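Report on the structure
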Amino acid sequence: MDGRDAIDSRLRGLTERFRSGLLSRREFVEAAGVFLGGTALASLIAAGGPLQAAHAAAAPAGPPKKGGTLKVAFWAEPGVLDPVFTTRYQTLDVVCNFFEGLFADSAKYSPKPMLAASYETSRDGKLVTIGLRKGVTFHNGKEMTSADVLASLKRWQAIGANGSMVAKRIDEIRAKDKYTIAVAFNKATGLFPTYLSLPDSTIVPEEVANAAGKQAMKDLIGTGPFKFVEHLPDRHIRAVRFDNYAARTDESDGMAGRKTAYFDEVRWLVANEAAVRADGLTTGEYDFAGILSWSSYERLKTDPNLALHLTKPYEWLAIHLNKKQGMFTNLKMRRAIQKIANLEPANRAAFRSPEFYRLDPGITSRETALYSDVGKELFNRPNLDEAKALLKEAGYQGAPVVWMTNKESQANYDLALTFKGQLEAAGMTVDLQVMDSATLRARREKPELWNAFITGHPAQLHPIMHVFLNARWPGWWENEKKDTLVDAILSEADPKKAYGLVEDLQRLVYEDAALVKTGEYFILHGARKGLKGYASMLRPFFFNVWLE
Amino acid sequence: MEQPTAVPEGPTKPLQAADAGVPRRPWYAGALQRWSILIGGALLLAVLAVTALAPIITPFDPNLVRPEIQFIRPNSVHLFGTDNFGRDLFSRTAYGARNSLLIGSSVVLMSCLLGTIGGLLAGFYRRLDTVLMGAMDSLMAFPGIVLAVAIMAAIGPRLQNVIIALGIVQIPRVTRLVRSVVFTIVHTQYIEAGRALGMSDIRILLRHILPNCVSPLIVQATFIFGLAVLGEASLSFLGVGAPPYIPSWGNILGEARVYVRDAPYMMLLPGLALSITILGLNLIGDGIRDWLDPMSVARRLEAHQHAQ
Amino acid sequence: MYAYIARRFLQAIPVMVLVATAVFLLLRLTPGDPTDILLGPEATPERAAELRRDLGLDKPLPVQWAVWFSHVLRGDLGESIFLRRPVTQAIWERAEPTLMLTFLSLIIAVMLGLSLGIAAAVRQGSWADIAAMLVSLAGISMPTFWIGLNLILVFAVILGLLPVAGYKPLSEGLWENVRYLMLPAVTLGFYDAALLARMTRSMMLGVLKEHYVRTARSIGVSERRVVLRHALRNALIPLLTIVGLMFAGLMGGALVTETVFNIPGVGRLLIQAVLRRDYALVQGIVLLIAGAYVFINLCVDILYGVLDPRISRSTSPAT
């Protein structure tokens, strides 16, 4: 990469972070000023567009106003509200306001202490001592002690999606005293704080955790700035400010640091149709409308009373190939798909405008510290001739590619349909099977039933937490080098070395063509102009947010 | 005792409605019915023509995804405009007509065949009647679409499954109809005479009872056709009908629903085509029914019980 | 008479059992189960298997059926896996929208259909008659959801008079409630209004030709009285039974309408429950709908039998 490329990419990175609100205007100008002269910078900012303008306009906000009720148009009925029991996004999007864990995500998606006061690792990395903050109260008035943390983490290891994975490395967790716990590992796990920042490691009172066991919690009692009040399925969820919230004193940083609940009450109102949410936002019935349709963007951006927020990062989508049975056990066949997939038109069809998607090879998004573009020679370089050659080498005879898709996710279906056309143009036959998601989930457990399907992965996630790295997850990626790398990353405490290992992992994903990334996409939220402080992170949280 | 030298054959002429004492309307009173049949027939022929000529009159591939020409409003090149995938809507509607008509006729065939057999058996054999009508009542205990949704969810979204699901929903109606026809004739002296003369059951059923079912069946068939096309549209609209990439009227309208604000033409024109087809069918059905059996209000009740 | 009622009632019981079993089988044969939806996209396959065991979903089908059926006999419809509350409560919470929608649609259907049918019958052969009949013919030819979409386009999007979709409960005022239900009710009631118009017209025509009507006219009874008091009264009986059947039919039609207009009613709950494989909920709803259906049909049959003695006396009903 020559000097200009380096400047370009650094500048792009800076612009991305400014646009998603990670850098303030001043920081951006200062950083960018290093690379450019004044006029170039001005034109760059001008080229930002209304989403940019939203943030620029958001900058000069008045002092925070306390009080009022926030009415949020929510897109689906969350169902079970227990973040340890379920990994549904709809649930996590709501309960992030009520619960906290030992660590929390900073604005850059790296773990910062939340309920933990201190974190010490022994020399060999096998013993971790975590000091807890004193004087933290639960919503029921009880003070948080090591007994509560112990019970919560025990449950986390038993049923948590990530907890059960890391549990294999944990020998024992015990309480040293009222405000200290000790974790004994059989293998050093440098990544442990990241695990403790995920929603399934939420801390709840001891009696609640024990009463729930392997079922979902009946009472939602956390330590967060908002307190859960009631839940009427398909109607609303209500929460009020928790007056005894024990706030941290360090500066707010994403979901970490000081959290202040300015609203008296937050109400999530279920409205399944995007059109209804958009309408309600326009009329003022809602103050915040989640997940608006991309096609309504053109219309809504002209409304002076609204501010549109892009959630960046959100998810990236990939074509998963069946590596256990069928034609894609052959590496050449998988490489052929890599060479056929032309991502720009597919993403255009699905997301309408380049504002809403991004094509890069990272298995984690640019906004995180672990982003890398390793493997880019195998990403989005469609070449029909090479593809046909690979198919021939692999001995492809025209057997139909059984591709499962579902209509509940419009993007999934739109991409699948476009790729079907591309595969057929390369001389393959595709049997596109559309089914509802419950059927799809059931069928993808059976290797004899499918060859390919598309699904999404959280874009901000630490790479080794991706489900597809589990050899038992549909796709069945069995690879010794992968296992070694994952283990090494888990153990590594030095961030520089860990980054190198992550790059190796990413390279492996591309060389082994375990999956074919189709691109990253962003979702659109809308709010009334007067809503200030909204951080536009993955989870729409409403602390540190107020309405002017 | 003398034996009759020749055993007279059973009744040779099939039983007519006139024999049962129902007066026929004079031929000149059928003007309105003729108009109905003519107009309905004309509409249907137009639709059929478009269907048959689809490959010739549509210059675009109905399934070709071309995102660069998304959302074009109807113009001289794209008569109905293009959808969110850039597919030409006129081509999709024309090919959709094929699938919808295929489904309609298959459902009619299936339900009429199975329903007639069931109705004949139920009307003729008392013991079978209880069992069969119990089964029919169970099927009719569901609002039609609920039953269809449940069946489709169980057996999967394929075209042939839509036919099966909708066919099952319509069977009870045909069974009841045929059964009631059987009842009105089975106790007449005509049939008793036939039985006394030793005619086999099958002969009686096929030669004397079945022909009387034909005219009400034809009327019923036109309505079932319409209901089947509407049923497929509703199922596809709800997402449990034909697979989405197969153009069917229900799919086209279902996909258009999301864009009703930004691109209303997507649902207006294909929906119009659908409605005109059903209108034609209803006109024909009305005309035939009025022509054949204008007095039977009860039959009207049967014919119009809808499965929404 | 009572024997007839008792007989029909008894016939309904095996029907309900059959319905319950059929629904159960259909659901369990459908691929997929509630665990994956419940646990979300990042859950491990091991955890899903464990939950399946905990929910008893790995037991053989007859066992599962027996467990469920024994609960049903005790009046316990079970708990919704997804919503975490009793099935009866989940349905009850959504009964108001569906019932309000159905009643409103019925009122519109009856008012529109009757008046159109009577007006057409009275002016038989005139342009008004032909126009009315064409409109009703069109009404039964258009798919419900298409009518709904067009109404949304005209009244909500273009004219902005009524809301696009959604529902406001009665607790927030009758006017708001009706305002949100206006377009859905017209959508749902349209088909039946058209149907009723056609039926009313043909029945009125039949009745208007009767001798007693001619007599009434000849002795100088006003036309209005003839129509309303004599003709209509006689046509009303079969019409009432049709209305009863329509009510049952509307509950099914509500399914599509609730989806188009995003009304949190029982119909939409059913679709969502099917998609989530919320077994107990689907089974409970279908059982209740079938039960209501059978009950209404029974009432209509009894009414018919009461009003028309010829029917109840015959050994086999002709219709």
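Treat the numbers as computed from the prediction; the structure is a model and nothing was measured. (Residues numbered from 1 in each chain as written. Chains lettered and ligands numbered in written order. Predicted model: local features only at pLDDT ≥ 70, side-chain atom pairs only at ≥ 80, totals over all residues. Heavy atoms only, no water.)

The next point concerns the overall build of chain B. What chain B contains, in helices and strands, is eleven helices and zero strands. Going from N to C terminus, chain B has its helices and strands arranged as α-α-α-α-α-α-α-α-α-α-α. Expressed as a percentage of its 308 residues, the buried residues of chain B come to 57%. For chain B, the proportion of contacts with a sequence separation of at least 24, taken over those separated by at least 6, is 72%. (Helix = DSSP H or I, 4+ residues; strand = E, 2+ residues; numbered from the N terminus. Buried < 20%, exposed > 50% of the residue type's maximum accessible area, 1.4 Å probe, protein only. Contact = heavy atoms within 4.5 Å.)

Moving on, we get to the pattern of salt bridges. A complete count under the given rule lists 43 salt bridges over all chains for this structure. Across the pair Lys178(A) and Glu143(A) runs a salt bridge whose closest N-O atoms are separated by 3.8 Å. Of the two residues, Lys178(A) sits in the loop between strand E6 (170-177) and strand E7 (180-185) while Glu143(A) sits in the loop between strand E5 (127-132) and helix H6 (146-159), which places them 35 residues apart along the sequence. Of the residues examined, Lys178(A) reaches a relative accessible area of 47% and is grouped as partly exposed. Judged by its relative accessible area of 26%, Glu143(A) falls in the partly exposed class. Across the pair Asp286(B) and Arg198(C) runs a salt bridge, and its minimum N-O distance is 2.7 Å. Separated into two different chains, Asp286(B) in helix H10 (residues 265-292) and Arg198(C) in helix H8 (residues 174-208) make up a pair that spans both. Looking at Asp286(B), the relative accessible area reads 9%, which means it is buried. The exposure class assigned to Arg198(C) is buried, which follows from its relative accessible area of 12%. When salt bridges that share partners are traced, they join Arg358(A), Asp360(A), Arg366(A), Glu367(A), Lys517(A) and Glu520(A) into one network. (Salt bridge = Lys/Arg side-chain N within 4 Å of Asp/Glu carboxyl O.)

Further remarks concern the nonpolar core. In this structure, Leu102(A), Tyr195(A), Trp268(A), Trp403(A) and Ile209(B) are the most contacted members of the largest nonpolar core, which totals 327 residues. In terms of residues, this core owes the most to one element, helix H8 (residues 201-238) of chain B, which gives 18 residues. When residues of this core are assigned to domains, at least three fall in each of domain 2 (69-270 + 529-547) and domain 3 (312-523) of chain A. Every residue in contact with Trp403(A), bar those within four places of it in the chain, is listed here: Ile319(A), Ala416(A), Phe419(A), Leu423(A), Val430(A), Asp431(A), Leu432(A), Gln433(A), Ala452(A), Phe453(A) and Ile454(A). (Core = buried A, V, L, I, M, F, W, Y, C linked by side-chain atoms within 4.5 Å. Domains from an automatic or database assignment.)

With 40 residues of chain A in contact, the opposing surface of chain C contributes 38 residues. At the boundary of chain A with chain C, total buried surface from both sides reaches about 3,500 Å², with 50% on carbon and sulfur atoms. Remark: the boundary between chain A and chain C carries four salt bridges. The shortest N-O distance in the salt bridge between Lys168(C) and Glu285(A) comes to 3.2 Å. Sorting the residues of the side of chain A that touches chain C by element identifies helix H7 (163-166), strand E8 (226-232), helix H10 (274-283) and helix H16 (437-443) of chain A as the ones contributing at least two each. The element best represented in the side of chain A that touches chain C is H16(A), accounting for five residues. For the side of chain A that touches chain C, the per-class residue count stands at 18 nonpolar, ten polar and twelve charged. (Buried area = accessible area lost by both parts, 1.4 Å probe. Nonpolar A, V, L, I, M, F, W, Y, C, P; charged D, E, K, R; others polar.)

Residue and element names in this part refer to chain C. The geometry of helix H1 (residues 2-29) relative to helix H4 (residues 61-73) is characterised by a closest axis approach of 11 Å and an angle of 135° between their N-to-C directions. Compared by their axis directions, H1 and H4 come out oblique. As H1 packs across H4, the resulting crossing turns out to be right-handed. Across the interface between the two elements, Val17, Ala20, Thr21, Phe24, Leu25 and Arg28 of H1 pack against Leu61, Gln64, Trp65, Trp68 and Phe69 of H4. Here the residues of the contact of H1 with H4 sort into eight nonpolar, two polar and one charged. (Axes fitted to C-alpha atoms, helices over the stretch in contact; angles between N-to-C directions. Parallel < 35°, antiparallel > 145°, perpendicular 65-115°, else oblique. Left-handed = near helix turned anticlockwise from the far one by under 90°.)

A word on helix H15 (residues 410-425) of chain A. Residue and element names in this part refer to chain A. With 16 residues, H15 extends 23 Å from end C-alpha to end C-alpha; this agrees with the ideal 22 Å at 1.5 Å per step. Of all 16 residues in H15, twelve are buried, a share of seventy percent or more. Considered for burial, the residues of H15 that qualify are Ala411, Asn412, Tyr413, Asp414, Leu415, Ala416, Leu417, Thr418, Phe419, Lys420, Gln422 and Leu423. Note on H15: the residue one or two positions beyond its end, Gly427, has a positive phi of about 95°. (Expected span 1.5 Å × (residues − 1).)

This part is about the interface of chain C and chain B. At the junction of the two partners, chain C supplies 51 residues and chain B supplies 49 residues. Around 4,500 Å² of area is buried between chain C and chain B when both sides are counted, 73% of it from carbon and sulfur atoms. It is Phe145(C), Trp146(C) and Leu149(C) that lose the most area in chain C upon contact with chain B, and together they represent 13% of the buried surface on that side. Summed over the shared surface of chain C and chain B, the number is one salt bridge.

Residue and element names in this part refer to chain A. Helix H14 (residues 384-394) packs onto helix H12 (residues 331-340) with a crossing angle of 165° between their chain directions and a minimal axis gap of 8 Å. With respect to each other, H12 and H14 are oriented roughly antiparallel. H12 and H14 meet at a crossing whose hand is left-handed. Residue-level inspection shows Lys332, Met333, Arg335, Ala336, Lys339 and Ile340 of H12 in contact with H14, the latter providing Glu386, Ala387, Leu390, Leu391, Glu393 and Ala394. Tallied by class, residues from the contact of H12 with H14 come to seven nonpolar, no polar and five charged.

Another aspect to go through is H12(A). All names here are of chain A. Counting buried residues along H12, seven of its ten residues qualify, which places the element largely inside the surrounding structure. Where H12 is concerned, the buried positions are Met333, Arg334, Ala336, Ile337, Gln338, Lys339 and Ile340. Buried residues along H12 sit in contact with strand E12 (306-321), H14, H15, helix H18 (495-511) and strand E17 (515-528). Between the side-chain oxygen at the start of H12 and the backbone nitrogen of Lys332 there is a gap of 2.9 Å, and the oxygen is on Asn330. (Polar contact = N/O pair within 3.5 Å; in protein donor to acceptor, adjacent residues only side chain to side chain.)

On the surface, a nonpolar cluster with roughly 460 Å² of combined accessible area is contributed by Val154(C), Phe155(C), Ile158(C), Leu159(C) and Leu161(C). Along the chain, Leu161(C) falls in the loop between helix H7 (144-158) and H8. (Patch = residues over 30% accessible without salt bridge, like charges linked within 9 Å, V, L, I, M, F, W, Y side chains within 5 Å. Areas by Shrake-Rupley, 256 points an atom, 1.4 Å probe, with all protein chains shown as cover.)

What follows concerns the confidence of the model for chain B. Residue and element names in this part refer to chain B. The predicted model of chain B averages 77 in pLDDT, with 83% of residues at 70 or higher. Taken element by element, chain B is modelled with least confidence in helix H11 (residues 297-304), mean pLDDT 46, and with most confidence in helix H3 (residues 89-124), mean pLDDT 90. Within the model, the stretch residues 295-308 combines pLDDT values under 50 with 45 contacts to residues more than four positions away or in other chains. (pLDDT = per-residue confidence, 0-100.)

This part covers the side chain of Arg94(C). Within the fold, Arg94(C) resides in helix H5 (residues 87-122). For Arg94(C), the side chain forms a polar contact with the main-chain oxygen of Ala90(C), separated by 2.7 Å. Those residues in contact with Arg94(C) that sit more than four places away from it in its chain are Pro233(A), Asp234(A), Leu83(C), Pro264(C), Gly265(C), Val266(C) and Leu269(C).

In this structure the tally under the stated criterion is 33 aromatic pairs over all chains. Across from the ring centre of Phe85(A), 5.6 Å away, lies the NZ or CZ of Arg84(C), which sits over that ring. (Phe/Tyr/Trp six-rings, centres within 6.5 Å; stacked < 30°, edge-to-face > 60°. Lys NZ or Arg CZ within 6 Å of the ring centre and 35° of its normal.)

Let us now look at the state of the cysteines. Tallied over the entire structure, the rule returns zero disulfides over all chains. Residue Cys112(B) stays outside any disulfide, its sulfur separated by 11 Å from that of Cys213(B), the closest cysteine. (Disulfide = S-S within 2.5 Å.)

This paragraph deals with the sheet that holds E6(A). Residue and element names in this part refer to chain A. Spatial strand order, E4-E5-E7-E6: four strands in an open sheet with antiparallel pairing. Each edge of the open sheet carries a strand with a single partner, namely strand E4 (116-121) and E6. Pairwise comparison of adjacent strand axes, ignoring direction, gives a mean angle of 20° for this sheet. As defined by bridge partners, E5 adjoins E7 across five bridges and the pair is classed as antiparallel. Paired with Val128 across the bridge in E7 is Val183. Docked against the sheet, H6 engages E5, E6 and E7, running at close to 170° with respect to E6. (Pairing = 2+ DSSP bridges.)

Residue and element names in this part refer to chain A. Here Val430 lies in strand E15 (residues 429-434). Sequence separation of Val430 and Lys420 is ten residues, and the distance between their C-alpha atoms is 6.2 Å. Setting aside chain neighbours within four positions, we find Val430 in contact with Val401, Trp403, Lys420, Leu423 and Glu424.

All right, on to the environment of Leu287(C) then. Residues and elements named next belong to chain C. Here Leu287 lies in helix H12 (residues 279-307). Note on Leu287: relative accessible area 13%, which makes it buried. Each C-alpha atom, one on Leu287 and one on Thr21, is 9.7 Å from the other, the two residues being 266 residues apart in sequence. Ignoring anything within four residues of it in the chain, the contact list for Leu287 reads Met16, Ala20, Trp68, Val72 and Leu77.

Residues and elements named next belong to chain A. Within strand E10 (residues 265-270), five of the six residues are buried, which leaves it mostly tucked inside the rest of the structure. Bridging between strand E1 (residues 69-74) and E10 involves six bridges; their strand directions are parallel. Looking at E10, one finds that Thr69 is bridged to Glu265. Pairing geometry for strand E9 (residues 236-241) and E10, over five bridges, is antiparallel. Looking across to E10, one finds that Arg238 is bridged to Arg267.

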